[in-house]
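The residues making up each chain are set out below.
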Amino acid sequence: MTAPVRSDPTVVKVALGERGYDIVIGRGVIASLGPRVAALRPGARTFIVTDENVARNLLAAAEAALADAGVAASHVIVPPGEGSKSYRVFEQVCEAMIASRIERGDLAIALGGGVIGDLAGFAAAVVRRGIDYVQVPTTLLAQVDSSVGGKTAIDSTHGKNLIGAFHQPILVLADTAVLDALPQREFRAGYAELVKYGLLGDAAFFAWLEANWRDVFAGGNSSGGSAREHAIAVACRGKAAIVARDERETGERALLNLGHTFGHALEAACGFSGRLLHGEAIAAGMALAFEFSARRQGLVPKAEAARVIRHLAEVGLPTALKDIPGPLPSVDQLMELIAQDKKVKRGMLTFILVRGVGSAFIEAGVDQREVRAFLSEKLAER
Ligand SMILES: NC(=O)c1ccc[n+]([C@@H]2O[C@H](COP(=O)([O-])OP(=O)(O)OC[C@H]3O[C@@H](n4cnc5c(N)ncnc54)[C@H](O)[C@@H]3O)[C@@H](O)[C@H]2O)c1
Ligand SMILES: [Zn+2]
């Protein structure tokens, strides 16, 4: 498999009937925001939600693109970071949207990473009982994961993403050139979610990433040119297909949580801080899911787990508990964090396990004691 030569943007369709939409992927596509919005919702006014970092780099470009097509726009700028997925900031966004006289037929635009997508998407789901919105994801994580699929949320004091709604966007516009300005560490964290699509259902894509990851990181600076666009399109196609079959996560969509049970526990153990970014936690979580699967009745050959760990480590992602800086809680506390994240039924947990690269499955009967024994070993290796 080789990446196609860069040309027109790639369009991936999310097939959800009347709630279906396009994901448009390419360098510079942000310039087409105005005409695309005008074509989708003639006469609609827009309200942009963004954060301070993104506003500095991209708000003027987004507003200019809208103005060129005669689309009216106002905006609100919130502080960067997970802290903005709070009741307080949510209230500010909703109030600003209403103050700018956004009506039922108008549009919200989420211009930013996953935090902005979740926050703006949830505001769009409830302001005036729901208005349409467009996702303009500006982090790799948001382009391959959070902007697609319609999950929106803010955080509760009891946990992340506990207050939210399913609300599909009407368009996702992923400009891959904006990722050139993304801090390397953020890009790398998003790359973990990209790898996830290979690991959960597309072995050929994982092999392609092993061979081409440097071009994906280099983006426009690489001789390969469109490797980044290609990788994002494959991931979006993977997510779109799963979402189309199971929009509300009654089954298969749970596969997208590969690495997330261990990952969320580690993220929580680090206090959702800069110590461990979400994607970094997921990288370690996927490595642990492979090791756990290898250990568990030899579901997957040890060499296969080693191959996954080798690739994640090669790009600079954490793959073991010892790669996580600072203190980690005891095995009891980690188990408590896992139990908080997952419903425990008669001592059994549901995990996404693997039979190999590209074949993940949902296992509802994982004994808590088995997970505890595994994590104890891993903690001892630190
Ligand atoms: N809805 C979903 O399906 C879903 C899926 C996965 C993750 N999420 C959510 O996504 C969030 C994480 O998203 P994220 O990793 O994108 O974090 P983020 O939105 O906080 O962005 C990371 C950092 O990069 C900055 N930034 C964004 N774009 C930039 C650019 N182009 N150039 C320079 N800096 C830029 C931001 O200001 C921020 O400081 C979490 O809250 C998570 O719960 C949601
Ligand atoms: Zn994730």
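Everything numeric here is computed off the predicted structure, so don't read it as measured data.

(A) Structural view of the pairing of strand E5 (residues 107–112). With six of six residues buried, E5 is to be regarded as a mostly interior element. Examined bridge by bridge, strand E3 (residues 46–51) and E5 share five bridges and lie parallel to one another. The partner of Ile 48 across the bridge, within E5, is Ile 109. Direction of pairing for E5 relative to strand E6 (residues 132–137): parallel, over a ladder of six bridges. Bridging from a neighbouring strand, Leu 107 pairs with Asp 132 of E6.

(B) Representation of the sheet that holds E3. With mixed pairing, the seven strands of this open sheet are ordered in space as E1-E2-E9-E6-E5-E3-E4. Two strands bound the open sheet, and with one partner strand each, they are strand E1 (10–14) and strand E4 (73–78). Strand-to-strand twist in this sheet, taken as the mean axis angle between neighbours without regard to direction, amounts to 15°. In the packing of helix H2 (residues 52–68) onto the sheet, contacts are made with E3, E4 and E5, and the angle to E3 comes to roughly 160°. Contacts from helix H3 (residues 87–99) reach E3, E4 and E5, with the element oriented near 155° to E3.

(C) The pairing of strand E11 (residues 359–367), seen in detail. One ladder, built from seven bridges, connects strand E10 (residues 348–356) with E11; its direction is antiparallel. What sits directly across from Leu 353, in E11, is Phe 361. Turn length for the E10-E11 hairpin, with the two strands adjacent in sequence and antiparallel, is two residues, and the turn residue Gly 358 shows positive phi of about 90°.

(D) Examining the coordination of the zinc ion (ligand 2) more closely. Only Glu 193 (OE), His 260 (NE2) and His 278 (NE2) from the protein reach the zinc ion (ligand 2) as donors, at distances of 2.0 to 2.1 Å. When the donor residues of the zinc ion (ligand 2) are listed from N- to C-terminus, their spacing reads E-x66-H-x17-H. With Glu 193 in helix H6 (residues 184–201) and His 278 in helix H10 (residues 278–295), this pair connects stretches of sequence that are 85 residues apart.

(E) The arrangement of the side chain of Ser 156 in detail. Assignment of secondary structure puts Ser 156 in strand E7 (residues 151–156). At 2.8 Å, the side chain of Ser 156 forms a polar contact with the backbone nitrogen of His 158. Setting aside residues no more than four positions away along its own chain, Ser 156 makes contact with Leu 162 and Ile 163.

(F) A look at the packing of aromatic side chains. Enumeration over the complete set of coordinates arrives at ten aromatic pairs. Between Phe 90 and Phe 122, the ring centres sit 4.7 Å apart and the planes meet at 20°, which makes this aromatic pair stacked. A residue pair is termed long-range when its members are at least 10 positions apart, and Phe 90 in helix H3 and Phe 122 in helix H4 (residues 114–126) qualify at 32 residues. Taken as a pair, Phe 90 and Phe 122 share a single burial class, namely buried.

(G) Examining the site of ligand 1 more closely. As a matter of local geometry, ligand 1 sits amid 25 residues, with Asp 51, Glu 82, Gly 114, Thr 138 and Thr 139 nearest to it. Take Asp 118: an N or O atom from its side chain is 2.9 Å from a nitrogen atom of ligand 1. Between Asn 161 and ligand 1, the recorded distance is 3.5 Å, taken from a side-chain N or O atom to an oxygen atom. Against a free-state accessible area of 870 Å², the protein chains account for coverage of 89% of ligand 1. Among the secondary structure elements, those contributing two or more residues to the shell around ligand 1 are H2, H4, helix H5 (140–146) and strand E8 (159–166). Its residues placed into classes, the shell around ligand 1 shows eight nonpolar, eight polar and nine charged.

Cut-offs used in this document
Residues numbered from 1 in each chain as written. Chains lettered and ligands numbered in written order. Predicted model: local features only at pLDDT ≥ 70, side-chain atom pairs only at ≥ 80, totals over all residues. Heavy atoms only, no water. Buried < 20%, exposed > 50% of the residue type's maximum accessible area, 1.4 Å probe, protein only. Helix = DSSP H or I, 4+ residues; strand = E, 2+ residues; numbered from the N terminus. Pairing = 2+ DSSP bridges. Axes fitted to C-alpha atoms, helices over the stretch in contact; angles between N-to-C directions. Contact = heavy atoms within 4.5 Å. Donors = N, O, S within 2.8 Å, 3.2 Å for Na, K, Ca; no water. Polar contact = N/O pair within 3.5 Å; in protein donor to acceptor, adjacent residues only side chain to side chain. Phe/Tyr/Trp six-rings, centres within 6.5 Å; stacked < 30°, edge-to-face > 60°. Near = heavy atom within 4 Å. Areas by Shrake-Rupley, 256 points an atom, 1.4 Å probe, with all protein chains shown as cover. Nonpolar A, V, L, I, M, F, W, Y, C, P; charged D, E, K, R; others polar.

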